[in-house]
Protein chains: 2
Amino acid sequence: MSHAPEGKPGTVRPGGRTARTRTDVLAATRAELTDTGLARMTVEKVAARAGVAKTTVYARWRDISGLIVDLLSELTVRTVPVPDTGSLEEDLRQLARSLLELFRSTEDLVMFEAIFATALHDREAREALSAFYAFRLDASAALVDRAAARGEVPPGTDRLEVIRTLSSAFYYRRFISGEPVTERDADRAAAVAAHSARAGLLVVPPA
Amino acid sequence: MSHAPEGKPGTVRPGGRTARTRTDVLAATRAELTDTGLARMTVEKVAARAGVAKTTVYARWRDISGLIVDLLSELTVRTVPVPDTGSLEEDLRQLARSLLELFRSTEDLVMFEAIFATALHDREAREALSAFYAFRLDASAALVDRAAARGEVPPGTDRLEVIRTLSSAFYYRRFISGEPVTERDADRAAAVAAHSARAGLLVVPPA
C-alpha cells in the first residue's frame, strides 16, 4: 500500500483510507484509460498504477466495467449536481448548463469520447456505459420527483424520460451531428423537456 | 471498367452508366468499410473493388469523406423518405418510424456504429459525418417548411431544430445510453417535436 492507514489500525473513518483508496484507484483508471485505451485495460495494471493490491480492486470494483461505472459516476456526481430550485424548468436549465460545462472540459470530453467509441464495438464497455446512464438518469430524476410532488407535472409522468428528453439534444449535437452546443441550446432543451412534461407528453402509457 | 457502357458511346442516360458507376462505387465503399474499417480505407482500394478507374472516383467523390457522405446520403434518401401527409406530427411520426427501421437493420446499424466510432477520434470521419447530417437535416426539414406554409408552426420556427428534436431521442437511446428504442419512443419523439414547434419553443431567437 502506498498510503499509511489513517486513525487506529482496523478502523476506517469517512474521508480516510477507504476514500483515499477510491481516489487513487479512480485516478489510476482514468490514467490507464488515457494511456492504454479501454479495450486493453486490465485490473492488474490499474491496481499497480494506484499502488493497491489487485485483490482490493477485484473485491470492490469486480472488473474494468465496475471501474468505468464508478469513474463516470464519481465525476458526474461532482460536476453535474442535481439542482433543487423549486422549479422544474429552472432545475432542468441548471442541469443542462452543468452538462454543457462538463463537455467543455477537453480532458473529460476526450475520456467520454474514448468510452463511447469503445462501447460501439465492445460488449463489456457497452454494459458499463449503460449501467452508468441507468445510475445517472435515476439520480437526476430526483428533480422530476420533486416537481411531481409540487404538482408541476401530471400524475404518471415518466421520471426518466424527462431527463432523457433534456440530455438527448446535447448528445446528438456533440457526438452525432457534430454541431456546437451553446447556452441557448441548453436553455432550449430545458424548455422543451419541461413543456413536454407539463403537457403530459412524457407520461408512462397504460400497460 | 467492369461494365460496358450503355447506349451510344459518349452518351449517358439516366439509370445508365453514370448511375451504375455510382452503385458500384458505393457498394465497394460499403464493403471496404466493413472489411477494412474507415480509418484504413483508401480511394485506390475502393476503385479497384468497384472495377472503375481511380481517377473516376477522385473526380466525382474527391476523397474517402466524399464517398462516406454519398453512401449515407444514398442509403437514407432510399430508406428514410421525407413524408408529406399534410400534418406536421404525422410527418414526424413517419420519419421517426423510418429511422427506427433503419437502425433495426443490423447491417446498417453496424455501418453507422463503425462511422460514429471513427468520427470520435478521426477528424476526416468527423467532417464526413457532419456533412452528412447537414445534408439530412436540411432535406428532412422540407416537411417543416410545408408545416410553416400551412400555418401549423409560428413564423421564425427553426426548421432544422424541429428535426434535431425528433432525431436526438433515438440517437441518445441507441448509441449513448444503450436503451432499446420502440415504436412508442418514435411516436413520443414526434409528439414532443411537433408540440414544441407549435408552442414556439423552437423559434430562431432575434439576432
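Everything numeric here is computed off the predicted structure, so don't read it as measured data. (Residues numbered from 1 in each chain as written. Chains lettered and ligands numbered in written order. Predicted model: local features only at pLDDT ≥ 70, side-chain atom pairs only at ≥ 80, totals over all residues. Heavy atoms only, no water.)

### A word on the overall build of chain A
Each helix and strand counted, chain A has 10 helices and zero strands in total. Counting from the amino terminus, chain A carries its helices and strands in the arrangement α-α-α-α-α-α-α-α-α-α. Counting all 207 residues of chain A, 48% fall into the buried class. Excluding contacts between residues fewer than 6 apart, the proportion of contacts in chain A whose partners are at least 24 apart in sequence is 63%. Carbon and sulfur atoms provide 55% of the accessible area of chain A, an area that totals close to 9300 Å². Taking the 28 positively charged and 28 negatively charged side chains of chain A as two groups, their mean positions are separated by 3 Å. (Helix = DSSP H or I, 4+ residues; strand = E, 2+ residues; numbered from the N terminus. Buried < 20%, exposed > 50% of the residue type's maximum accessible area, 1.4 Å probe, protein only. Contact = heavy atoms within 4.5 Å. Areas by Shrake-Rupley, 256 points an atom, 1.4 Å probe, with all protein chains shown as cover. Lys, Arg positive; Asp, Glu negative; His and termini not counted. Charge placed at Lys NZ, Arg CZ, Asp CG, Glu CD.)

### Some remarks on the relation of the copies chain A and chain B
For the match of chain A to chain B, the screw axis carries a shift of 0.0 Å, the RMSD comes to 0.0 Å, and the turn is 180°. Seen this way, the second copy is the image of the first under a two-fold rotation axis. Residue A:A117 of chain A places its C-alpha closer to the rotation axis than any other residue of that unit, at 2.2 Å. Interface overlap between copies: 100% of the residues of chain A at the interface are likewise at the interface in chain B, consistent with a symmetric, same-surface contact. (Least-squares fit on C-alpha atoms with pLDDT ≥ 70 in both.)

### Concerning the interface of chain A and chain B
Taken together, the contacts link 36 residues of chain A with 36 residues of chain B. Taken over both partners, the interface formed by chain A and chain B buries close to 3200 Å², and the fraction arising from carbon and sulfur atoms is 62%. Of all residues in chain A, the largest losses of buried area upon contact with chain B belong to A:L120, A:Y172 and A:I176, amounting jointly to 23% of the total for that side. Where A:D158 meets B:R188, a salt bridge forms, and the shortest distance between an N and an O atom there is 3.7 Å. Between chain A and chain B we count 14 residue pairs in polar contact (both at pLDDT 80 or more) in total. (Buried area = accessible area lost by both parts, 1.4 Å probe. Salt bridge = Lys/Arg side-chain N within 4 Å of Asp/Glu carboxyl O. Polar contact = N/O pair within 3.5 Å; in protein donor to acceptor, adjacent residues only side chain to side chain.)

### Observations regarding the UniProt feature "DNA-binding region" (unreviewed entry) in chain A
Taking the UniProt record as the reference, the feature "DNA-binding region" (unreviewed entry) is found at residues 42-61 of chain A. Between the end C-alpha atoms of residues 42-61 of chain A there is a gap of 12 Å, over a span that is 80% helix and 0% strand. (UniProt positions renumbered as here; feature names shortened; annotations may be inferred.)

### Side note on the UniProt feature "domain: HTH tetR-type" (unreviewed entry) in chain A
Under the local residue numbering, the UniProt record ascribes the feature "domain: HTH tetR-type" (unreviewed entry) to residues 19-79 of chain A. In residues 19-79 of chain A, helix accounts for 82% and strand for 0%; the two terminal C-alpha atoms are 18 Å from one another.

### Structural notes on the packing of helix α5 (residues 88-104) of chain A against helix α6 (residues 106-119) of chain A
Residues and elements named next belong to chain A. Put simply, α5 and α6 touch, their axes get as near as 5 Å, and they point 85° apart. Classified by the angle between their axes, α5 and α6 sit roughly perpendicular to one another. Residues L102, F103 and R104 of α5 form the contact with α6, whose participating residues are T106, D108, L109 and F112. Residue classes in the contact of α5 with α6 are distributed as four nonpolar, one polar and two charged. (Axes fitted to C-alpha atoms, helices over the stretch in contact; angles between N-to-C directions. Parallel < 35°, antiparallel > 145°, perpendicular 65-115°, else oblique. Nonpolar A, V, L, I, M, F, W, Y, C, P; charged D, E, K, R; others polar.)

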